[in-house]
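Structural characterization, general
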Amino acid sequence: MDYWSPRIETMPVQDLKDLQYKLLKTLTYKLYSFSDFYHARMKEAKVHPDDIRSLDDVVKLPFMKKSDLRDNYPDKLFVTAREDVVRFHASSGTTGKPTVVGYTQHDLDAWSTSLARALTSCGLGRGDTIQVSYGYGLFTGGLGLHYGAERIGAAVLPASVGNTERQIDLMVDMNVTAIACTPSYLLHMGEVAEKMGINFGKDTKLRRAILGAEPWTERMRTRIEENLGIKAYDIFGTSELSGPLFTECAEQKGIHVWGDLALTEILDPDTHETVAPGEKGELVVTMLQKEALPMIRYRVGDVTTLHEDVCSCGRTSPRIGRIQGRVDDMLIIRGINVFPSQIEHTLMSIPEVGQHFMIEVDRKGELDDLLVRVELKREYFSDKIDDLMKIKRKVAHALRSSLNVAVEVELANPDSLPRFEGKAKRVIDRRQM
Ligand code: DLL
C-alpha cells in the first residue's frame, strides 16, 4: 500500500487527536493575540484560549461563515503581512462581490501535500498523465489539482474547461491515464467522445477520474464507472478551506480528511449540537495549519456524515460521507457556485427588469442548464421583437458576467410569473441525479 505521508496517514488515532489538540491550542492563542476579528469573536463568545483544555473544547469556539468573508471583503480577515501572501483565488458570493481567499507559500505547500496524499491514495503517481479539466483561474479547482498532481510526479495536462472535442483528442494522443473534472463534465465528454467514434475503454488509456466540485451520487458513480470503464473517486473541498483538498482512497469508503490539517465536526444545523457518529449534519471544519486566512469552525454549509473508524486502507484520519445537500440555497451549476440572491442582485440593477423572476435548473444531456425567466417592467414591454431581443441579450450578458456561468434568459409578460404569499420559491431545480 502506497502512502504519501505514511507517518501522518497511519498515525494511531489517539496520537493524531493529541496532535490536533496541540495544533488547535496554538492556533487559538495565535488568533486571539494577532487577529482583531478572532479576538473580538472569542471575547463575544466568552472564551479564552486557556479554556481549550481538550480537543472536545473546540465546541466552545465561535463559528465562522461565508458571510464573514463577504463582510470583510476583500482581505480584512487575512492575518499575515500582505507581502507574505503569494496567491489569491476567489469564488462567488451571495451578492455581486466574490469572496477572496489568500495563501502564503506554506499554505500552498500544505494544499499540495493534502492533494498529494489524496491522489496517491487513489492509486496515482509517477508515470500517470493527469488531465486537469477543472477551470484554471480564480476558481481553485484547476490550479489546486495541477500542483497536487505535479507534487506526486505525475505529468499534468492543464486542459481547463471547454473545447471538449480537443480535450478528447488530447486525451487519446497524450495517453492520459486520469482526469480531474466535475462528474457532469466527464459524462458530457463521454457523450461527445461517442459522437466522435471514440470509445473511452478501448481508444484511451483513461483509468481513473477524480470528480467533485458539485454534488453527485452513487448511482452516477456506477454509471460513469460502467459506461467509461474507469474508477471514479470523489474529491471535496471549498475555496475557504483552500480548494480541492480531500478524496476517497481506493476503498471508496468516504473521503479522508487529513487530521493534521483539518478538524472535522458534524453538527445539527439548528441546535449546533454535535450529532451522533454516522448521523447526517452540517459539516464544520477548523483548518489547523492555514496561515494567511485561518478558519476556525467554518460552517461549510454541506450536509454529510462523519466516520471515525480506521479505514481498511490503513489510514487513520476520519472520513466524511458523500455530500448529501446544502443547508443554504446555494446552487452548483457546472461546478460553479451560484446563489439565487446573486441573480436577484444582478437583475435588480437592470432598469428594464421588473420585480419578479424565476430560476429554473435542469440537466440537458449531462450538463446543467440554468434558465432565468424575468418579467419586464410594463413600460419596457414592447411588441417590437428587436427591442425585446436587445433587453434579453443585456440581461443574459449581465448575468453571465456576474455568475461566470452561461445563462439562458426568457422574457415574460408583465404579471405572468408566479406571485408568492409567504416565502417566495423562485428556484425550480429539476435535476435528478
Ligand atoms: O468547488 C473546490 C473544488 C474544486 C472541489 C475541485 C473539488 C474539486 P468552491 O467553489 O468554493 O470550491 O465550492 C465549494 O462545492 O461547499 C460543496 O457544496 C460543493 N462541492 C465541492 N466538492 C463536492 C463534492 C470547490 N465532491 C462547494 N460533492 C462545497 C458535493 C461538492 N459537493
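So, about the nonpolar core. Leu24, Met42, Leu61, Ile130, Ile210 and Ile320 are the most contacted members of the largest nonpolar core, which totals 68 residues. Ranked by the residues each element gives to this core, the list is headed by helix 5 (residues 105–121), at seven residues. Those residues in contact with Leu61 that lie beyond four places of it in its chain are Leu24, Thr28, Met42, Val47, Ile52, Ile296 and Arg297. Residues Phe200, Leu206, Trp216 and Ile224 belong to the second largest nonpolar core, which totals 24 residues.

Glancing now at the state of the cysteines. All chains considered together, the criterion is met by zero disulfides. No disulfide involves Cys122; its sulfur sits 7.8 Å from the nearest other cysteine sulfur, which is in Cys249. Residue classification places Cys122 among the buried residues on the basis of a relative accessible area of 1%. A disulfide-free cysteine, Cys311 has its sulfur positioned 3.5 Å from the sulfur of Cys313, the nearest such atom.

This paragraph deals with the site of the ligand. Asp234, Ile235, Ser239, Asp302 and Asn337 are the nearest of the 22 residues found near the ligand. In this structure, Ile235 approaches the ligand through a main-chain N or O atom, which is 2.7 Å from a nitrogen atom. If the ligand stood free it would expose 610 Å²; the protein chains cover 98% of that surface. Elements supplying a minimum of two residues to the shell around the ligand: helix 6 (140–151), strand 7 (231–238) and strand 12 (298–304). Here the shell around the ligand is composed, by residue class, of eleven nonpolar, seven polar and four charged.

Conventions used here
- Residues numbered from 1 in each chain as written.
- Predicted model: local features only at pLDDT ≥ 70, side-chain atom pairs only at ≥ 80, totals over all residues.
- Heavy atoms only, no water.
- Core = buried A, V, L, I, M, F, W, Y, C linked by side-chain atoms within 4.5 Å.
- Buried < 20%, exposed > 50% of the residue type's maximum accessible area, 1.4 Å probe, protein only.
- Helix = DSSP H or I, 4+ residues; strand = E, 2+ residues; numbered from the N terminus.
- Contact = heavy atoms within 4.5 Å.
- Disulfide = S-S within 2.5 Å.
- Near = heavy atom within 4 Å.
- Polar contact = N/O pair within 3.5 Å; in protein donor to acceptor, adjacent residues only side chain to side chain.
- Areas by Shrake-Rupley, 256 points an atom, 1.4 Å probe, with all protein chains shown as cover.
- Nonpolar A, V, L, I, M, F, W, Y, C, P; charged D, E, K, R; others polar.

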